[in-house]
Amino acid sequence: MHSDTDRLLPASPITSLADHFAAGGGRGLARAQELGPAGVCEVLDAAGLRGRGGAGFPTARKWRGVAATARTGGGEVTLVVNAAEGEPGTYKDRTLITDQPYALLEGICIALATTGAATAHIGIKEKFVTPVQRLSEALAEVREAGWPHADRIDLVNGPDAYLFGEESAMLEVIEGNLPLPRIVKPFEAGLQATTATANPTVVNNVETLSHVPAILANGADWFREAGTEDSPGTMVFTVVGDVASPGVYELSLGTPLRTLLEDIAGATEIKAVYGGVSNAVITEELLDTPLCFDAMQQAGSGLGSGGFIVYDTSRSIVDVMSVLLNFLAVESCGQCNACKLGNTAMAELLAKVQRGEAQQTDLESLLRWSQTVTDSNRCYLPVGSQLLVGSTVQAFVDELVDTVDAGVPTPADLPTPLIEHIDEDSGEVTYHERYHLKQLDWSYADEDPGKLRLEGLRDG
Ligand SMILES: Cc1cc2nc3c(=O)[nH]c(=O)nc-3n(C[C@H](O)[C@H](O)[C@H](O)COP(=O)(O)O)c2cc1C
Ligand code: SF4
């Protein structure tokens with residue numbers, strides 16, 4: 001699962017605090033104490049650390065921002081660590097937590113001291129049993145060892161919902177509610193905010209915080225030895241789907257996507273690649289794009305959280321779109337009508353194409369829904385749907401038109417690529433086993449009505 005450029009992922013799991021120290025851990029925390037908050041932010045700025053949770057936002061700017069909002073808007077700063085890892089095709093945060101939880105905890109202690117946050121809540125799915133257990137054990141160890149601020153860190157178990165990872169929805173969960181995104185962003189109004197106290201909250205991804213100790217210990221220039229000018233350092237990537245060696249790989253940013261997918265993960269005959277469900281499709285001619293935030297965006301897609309789902313030329317693009325759109329339709333929370341209705345309508349239209357019942361006008365409807373699905377959106381989820389549908393229809397229009405013309409049922413057997421587990425030794429990937437039963441209201445059906453309908457048609 002690892003490569004020569006490993007910086008975060010150890011060759012074998014770090015199983016105790018003593019192992020962490022033996023591997024050079026602890027120096028980042030010591031250096032942060034010497035530098036103080038302003039000095040820490042300067043080093044992170046010089047290193048160019050950008051968030052690894054999806055948007056690539058500069059970490060130091062985020063940390064300075066919450067401190068400034070607390071001064072003007074009042075209240076306490078809080079740190080929220082995003083360990084929800086709900087993006088399809090992503091498994092790096094659980095790998096980091098399981099194999100090296102001390103780097104994350106060291107990063108959290110540094111973030112607490114630098115932002116002046118009173119508390120750090122680690123939002124993690126209750127169903128991630130092994131990472132939760134590993135993190136709890138490591139937290140007990142660092143508390144016992146007297147790490148500064150470690151007694152102000154706690155774990156918050158969250159639901160098995162995509163939106164739990166959306167930063168404002170995570171605040172709702174921490175406050176004891178459902179994961180429903182808020183209008184106001186956490187850095188403006190955070191946990192338990194009132195009109196009188198902004199309580200700005202900084203939300204950071206697990207990998208982002210895990211990079212912090214080594215940057216402080218080794219310096220900004222060391223971090224920049226890997227990566228590119230705009231995307232320095234390494235990133236931990238996940239690759240699943242039609243590849244010979246699925247897994248989690250740490251690489252220098254700037255490495256061509258083709259190297260990751262073909263040379264490392266063993267993909268051949270690539271037809272379509274998705275960086276989670278929040279980005280446009282990547283087709284064969286874009287595979288030489290460097291893995292950096294800006295280049296991926298210029299190519300019309302995005303780096304996302306570094307998880308790639310690969311589909312080869314044996315796949316029906318309708319099946320691919322259908323499984324990804326079904327996920328977005330189910331996970332949309334329905335606070336914004338255009339999002340729930342639009343995603344559901346698009347998922348239904350694709351199911352109609354799969355059943356062989358669609359007309360060409362249904363493809364036009366699909367595109368129309370993709371244009372309005374973002375109307376009055378509170379969060380980014382429907383932007384992902386828009387990018388995904390718009391780009392896939394554009395890239396595979398001939399196949400879609402021919403499939404509709406043929407008017408016969410097409411394959412409907414792809415799993416939703418929500419990763420449950422990747423076995424480090426065998427590389428075997430297990431996906432969420434019950435996802436096909438999850439319904440639009442987030443409850444689970446006893447049996448799959450969609451599949452049965454398709455199978456019934458075929459039988460008939
Ligand atoms: C629908 C949705 C789901 C998200 N899921 C995750 C997630 O599982 N983990 C994560 O770190 N960020 C997720 N994000 C991004 C977070 O909202 C947030 O931007 C991120 O945690 C910031 O951390 P960073 O600055 O360290 O990258 C999601 C965003 C959206 C819109
Ligand atoms: S945009 Fe969609 S997922 Fe986001 S809050 Fe609105 S309905 Fe919910």
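Reading the values: the criteria
- Residues numbered from 1 in each chain as written.
- Chains lettered and ligands numbered in written order.
- Predicted model: local features only at pLDDT ≥ 70, side-chain atom pairs only at ≥ 80, totals over all residues.
- Helix = DSSP H or I, 4+ residues; strand = E, 2+ residues; numbered from the N terminus.
- Buried ≥ 20, exposed ≤ 12 C-beta atoms within 10 Å, placed from the backbone.
- Contact = placed C-beta atoms within 7 Å.
- Pairing = 2+ DSSP bridges.
- Axes fitted to C-alpha atoms, helices over the stretch in contact; angles between N-to-C directions.
- Arc of directions from axis to C-beta.
- Near = placed C-beta within 6 Å.
- Nonpolar A, V, L, I, M, F, W, Y, C, P; charged D, E, K, R; others polar.
- Core = buried A, V, L, I, M, F, W, Y, C linked by C-beta atoms within 7 Å.
- pLDDT = per-residue confidence, 0-100.
- Expected span 1.5 Å × (residues − 1).
- Parallel < 35°, antiparallel > 145°, perpendicular 65-115°, else oblique.
- Left-handed = near helix turned anticlockwise from the far one by under 90°.

1. A look at the overall build of the chain
Part 1 of the argument: Check the secondary structure of the chain and you find 17 helices and 10 strands.
Part 2 of the argument: Overall, the chain is about 70 × 50 × 40 Å in size when its C-alpha atoms are taken along their principal axes.
Part 3 of the argument: Classification of the 460 residues of the chain by burial places 53% in the buried group.
Part 4 of the argument: Excluding contacts between residues fewer than 6 apart, the proportion of contacts in the chain whose partners are at least 24 apart in sequence is 71%.

2. Overview of the sheet that holds strand E4 (residues 201-205)
Part 1 of the argument: Taken in spatial order, the four strands make up an open sheet running E3-E2-E1-E4, and their pairing is parallel. Two strands lie at the open edges of the sheet, namely strand E3 (153-158) and E4, each paired on one side alone. Going across the sheet, the axis of each strand differs from the next one's by a mean of 25°, ignoring polarity.
Part 2 of the argument: As judged from the six bridges shared by strand E2 (residues 119-125) and E3, these two strands associate in the parallel manner. Across the sheet, Ile124 pairs through a bridge with Asn157, a residue of E3.
Part 3 of the argument: Set on the sheet, helix H5 (residues 101-115) makes contact with strand E1 (78-83), E2, E3 and E4; between it and E1 the angle comes to about 150°.

3. Looking at helix H14 (residues 360-372)
Part 1 of the argument: All of the buried residues along H14 are Leu366, Trp369 and Ser370. Down the axis of H14, the smallest arc covering the buried residues is 100°, so these residues share one side. Residues of H14 that are exposed and angled more than 90 degrees away from the buried face: Gln360, Thr361, Glu364 and Gln371.
Part 2 of the argument: Looking at the packing, one finds that the buried side of H14 touches helix H13 (337-354) and helix H15 (381-395).

4. Topic: the sheet that holds strand E8 (residues 307-312)
Part 1 of the argument: The four strands lie next to each other as E6-E5-E8-E7, forming an open sheet whose pairing is mixed. Strand pairing shows two members of the sheet lacking a second neighbour, strand E6 (247-252) and strand E7 (270-274), which therefore form its edges. Taken over all neighbouring pairs, the strand axes of this sheet differ in orientation by 30° on average, direction set aside.
Part 2 of the argument: Pairing of E7 with E8 involves four bridges; the strand directions are antiparallel. Paired with Ala272 across the bridge in E8 is Tyr311.

5. Describing the environment of Thr15
Part 1 of the argument: When you line up the elements, Thr15 lands in the segment before helix H1 (17-22).
Part 2 of the argument: Separated by 119 residues in the primary sequence, Thr15 and Arg134 place their C-alpha atoms 8.8 Å from one another.

6. A word on the site of ligand 1
Part 1 of the argument: Close to ligand 1 lie 23 residues; Gly51, Gly53, Gly165, Asn205 and Thr208 are nearest.
Part 2 of the argument: Sort the elements by how many residues they give to the shell around ligand 1 and E4 lands first, with three residues.
Part 3 of the argument: Tallied by class, the residues present in the shell around ligand 1 amount to nine nonpolar, nine polar and five charged.

7. Structural notes on the environment of Ala68
Part 1 of the argument: Its place among the elements puts Ala68 in helix H3 (residues 59-73).
Part 2 of the argument: Judged by C-beta crowding, with 11 C-beta atoms within 10 Å, Ala68 ranks as exposed.
Part 3 of the argument: C-alpha of Ala68 to C-alpha of Gly233: the two residues are 165 residues apart in sequence and 27 Å apart in space.

8. Concerning the pairing of strand E9 (residues 419-422)
Part 1 of the argument: Here E9 runs beside strand E10 (residues 429-431); their pairing, made up of three bridges, is antiparallel. By the bridge assignment, Ile419 is partnered in E10 with Tyr431.
Part 2 of the argument: Turn length for the E9-E10 hairpin, with the two strands adjacent in sequence and antiparallel, is six residues, and the turn residue Gly427 shows positive phi of about 75°.

9. Remarks on the nonpolar core
Part 1 of the argument: Formed by 137 residues in total, the largest nonpolar core has its most connected members in Ile108, Val239, Leu261, Val310 and Leu324.
Part 2 of the argument: A total of 11 residues in this core trace back to one element, the largest contributor, which is helix H12 (residues 317-331).

10. Observations regarding the confidence of the model for the chain
Part 1 of the argument: Averaged over all residues, the pLDDT of the chain is 93; the fraction at 70 or higher stands at 96%.
Part 2 of the argument: Confidence over residues 1-6 falls short of pLDDT 50; this stretch has 17 contacts with residues more than four positions distant or in other chains.
Part 3 of the argument: Here residues 452-460 is modelled with pLDDT under 50, and outside its nearest four sequence neighbours on either side it reaches eight contacts, counting other chains as well.

11. What about H3?
Part 1 of the argument: Over its 15 residues, H3 runs 21 Å from end to end, which matches the ideal 21 Å to within 8%, given 1.5 Å per residue.
Part 2 of the argument: Looking at H3, one finds that the buried residues are Thr59, Lys62, Trp63, Val66, Thr69 and Ala70. Down the axis of H3, the buried set is contained in an arc of 125°. They therefore lie on one face. The exposed set on the far side of H3, more than 90 degrees from its buried face, consists of Arg61, Ala68, Arg71 and Thr72.
Part 3 of the argument: Residues of H3 that are buried sit in contact with helix H2 (27-47), H5, E4 and helix H8 (206-218).

12. A few points about the packing of H12 against H13
Part 1 of the argument: At a minimum axis separation of 8 Å, H12 and H13 run at an interaxial angle of 150°. With respect to their mutual orientation, H12 and H13 come out roughly antiparallel. Here H12 runs over H13; the crossing is left-handed. Listed contacts from H13 to Val318, Asp319, Met321, Ser322, Leu325, Asn326, Leu328 and Ala329 of H12 are Asn343, Thr344, Met346, Ala347, Leu350, Ala351, Val353 and Gln354.

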